[in-house]
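Each chain, written out:
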Amino acid sequence: MSKFDYDLLTIGAGSGGVRASRLSSGFGARVGIVENSRIGGTCVMRGCVPKKLLVYGSHFAHDFEDAKGFGWQLDEPKINYSKLISDKNTELDRLENVYGRILRENGVSHLEGIGRVTGPNTVEVTGADGTKEYSAEKILVTTGGWPHLPQVPGVEYAITSNEALELETLPKHIVIVGGGYIAVEFAGMFNALGVKVTIIIRAGNILRGFDEDVRDTLAEEMEKSGIIINRECVVRGIEETADGYSLRLHGTETIECDKVMYATGRKPNTFGLGLVEAGVELDEGGAVKVDKNYQTSVPSIFALGDVTNRINLTPVAINEGIAFANSQFNQNPMVMDYNAVPAAVFSQPPVGTVGLSEQQARENGEVDIYMSRFRPMKHTLSGRDAHSMMKLVVMRESGKVVGCHMVGDDAPEIIQGFAVAIKAGATKAQFDATVGVHPTAAEEFVTMREKLPDHGH
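Residues numbered from 1 in each chain as written. Predicted model: local features only at pLDDT ≥ 70, side-chain atom pairs only at ≥ 80, totals over all residues. Heavy atoms only, no water.

Let us look at a nonpolar patch on the surface. A surface patch of nonpolar side chains, amounting to about 630 Å² of accessible area, comprises Phe-60, Phe-64, Phe-70, Trp-72, Leu-74 and Leu-381. Of note, Phe-70 is situated in the loop between helix H3 (48-67) and helix H4 (81-105). (Patch = residues over 30% accessible without salt bridge, like charges linked within 9 Å, V, L, I, M, F, W, Y side chains within 5 Å. Areas by Shrake-Rupley, 256 points an atom, 1.4 Å probe, with all protein chains shown as cover. Salt bridge = Lys/Arg side-chain N within 4 Å of Asp/Glu carboxyl O. Helix = DSSP H or I, 4+ residues; strand = E, 2+ residues; numbered from the N terminus.)

Attention now moves to the sheet that holds strand E21 (residues 401-407). Ordered in space as E17-E18-E21-E20-E19, the 5 strands form an open sheet in which the pairing is antiparallel. Bordering the open sheet on either side are strand E17 (343-345) and strand E19 (367-374), each of which pairs with just one other strand. Sheet twist, expressed as the mean angle between neighbouring strand axes with direction ignored, is 10°. Pairing of strand E20 (residues 388-395) with E21 involves 6 bridges; the strand directions are antiparallel. Within E21, the position partnered with Met-390 by the bridge is Met-406. Against the sheet, helix H11 (residues 411-423) touches E17, strand E18 (351-355) and E21, its axis set at about 10° to E18. (Pairing = 2+ DSSP bridges. Axes fitted to C-alpha atoms, helices over the stretch in contact; angles between N-to-C directions. Contact = heavy atoms within 4.5 Å.)

This part covers the pattern of salt bridges. The tally for this structure, following the rule as stated, stands at 30 salt bridges. In this structure, Glu-166 and Lys-88 form a salt bridge, with 3.3 Å as the shortest nitrogen-oxygen distance. A residue pair is termed long-range when its members are at least 10 positions apart, and Glu-166 in the loop between helix H5 (161-164) and strand E8 (173-177) and Lys-88 in helix H4 qualify at 78 residues. Of the charged contacts, one joins Lys-451 and Asp-368 as a salt bridge, the two residues approaching to 3.8 Å between their closest N and O atoms. On the criterion of sequence distance, the pair formed by Lys-451 in the segment after helix H13 (444-447) and Asp-368 in strand E19 is long-range, its members being 83 residues apart. The partly exposed category is assigned to Lys-451, whose relative accessible area is 48%. Asp-368 sits in the buried class, given a relative accessible area of 10%. A single salt-bridge network, built from bridges that share partners, covers Asp-211, Asp-213, Glu-358, Arg-362, Arg-373 and Lys-391. (Buried < 20%, exposed > 50% of the residue type's maximum accessible area, 1.4 Å probe, protein only.)

Moving on, we get to the packing of aromatic side chains. Between two aromatic rings, the relevant description is the distance of the centres plus the angle of the planes. All chains considered together, the criterion is met by 8 aromatic pairs. Here Phe-302 and Phe-324 contribute two aromatic rings whose centre-to-centre distance is 5.3 Å and whose plane-to-plane angle is 65°, an arrangement assigned as edge-to-face. Taken as a pair, Phe-302 in strand E16 (residues 301-303) and Phe-324 in helix H8 (residues 314-329) lie far apart in primary sequence, 22 residues in all. Residue Phe-302 is classed as buried on the basis of its relative accessible area of 2%. Taken together through their ring pairs, the aromatic side chains of Phe-302, Phe-324 and Phe-329 make up a single cluster. Sitting above the plane of the Tyr-370 ring, Lys-428 keeps its charged end 4.2 Å from the centroid. (Phe/Tyr/Trp six-rings, centres within 6.5 Å; stacked < 30°, edge-to-face > 60°. Lys NZ or Arg CZ within 6 Å of the ring centre and 35° of its normal.)

Right, let's get into the sheet that holds strand E11 (residues 237-240). What holds strands together in a sheet is hydrogen bonding between their backbones, with the strands either parallel or antiparallel. Strand order across the open sheet formed by 3 strands is E11-E12-E13, with antiparallel pairing between neighbours. Of all strands in the sheet, those bounded by a partner on one side alone are E11 and strand E13 (254-257). Neighbour-to-neighbour, the strand axes of the sheet open up by a mean angle of 20°, direction not taken into account. Relative to E13, strand E12 (residues 245-248) runs antiparallel, the two sharing 4 bridges. Within E13, the residue paired with Tyr-245 across the bridge is Cys-257.

Remember that the coordinates give geometry; whether it matters functionally is a separate question.
So this is what it looks like as structure tokens:
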């Protein structure tokens, strides 16, 4: 009989924690999972899923407008935004029930409450029935990340993505501070729904870390759609007014709006977890430091997903959970490969990307760049002033395609298939030898033949 209550005790029932827990239980481990909020975590409850549902809802504004160019006669459509929010919440309730059932059917105990590590093999859980301590041979921390708010006077008036997903009514003018993927996704959604949107960024462009042509193209398309991007700009303070809020920028410059949203990054959710006291090393940003096997500085404590602040994507956390469970409880050591992880930004237009940016590739040697900019066929009749951009980054010596980037309709769907090719090490010659599917946007990736001269990046 084990001297521990559990073989594995997981803190955090998000995508990574749920996958690691249910697989470990399936491999014969006795598993408990601690969660003080909704089962499903950030992605399902406060991130990818509700965001994508709202993005889908906002897209109909474009679709109704575009339909006129194809002969459809429509009365003036309008959105019942509170119904969209209500329907979104109904779907989240369904998903939470699904996740809860998955845990139950796999024999994972749900310990409802706030978890705190109290030692190498103990976790304190504080719930409605008080505080109880549980022991475990292994502890897995999967508490994810949380929106970060900078210290700015009046920042308490701002909302984050968490609250933005719950708004019952649409603001007339929203100021979004930040230029990462969360900022541009909400900007596109609100803009499509008729909200005036102003983005404020410290940097010279949006989407830091992405390929420069992706950044330039998306910024241009967003500005064409009416989104205002204030570059190299800082919010000095926020004050409440009779009609909303006043943001002070440089000197005496101000912006008036009725809603302020901060999307200035997320921090690993480690505060109050007792990790430092238990001897677990964190980096300067509060992320849990782990090795390739997700083991921390305390051998019995592990961590994976956004709380480790490496590649903060749901499928990465899920794959880490699979590797962890197999390695620890299935005698099948697995290590995740973090090369060529594809990513999507559900901006309007959306972004799909996999592999290296042009700048990253140039650090490894000489490169050839192939790029296509075009107006999608759909918009020849819709009349919408929208353009797509597709780009391949090729290492000159090997001919390998090491980067594949797209801005335009269906980019996330298209990039998934090309991610397989990049992962498999496909060459530009193999791209060229592949017959395109016509007429599609995706065929551009296999029909680009003209190398670009050096274009300033």
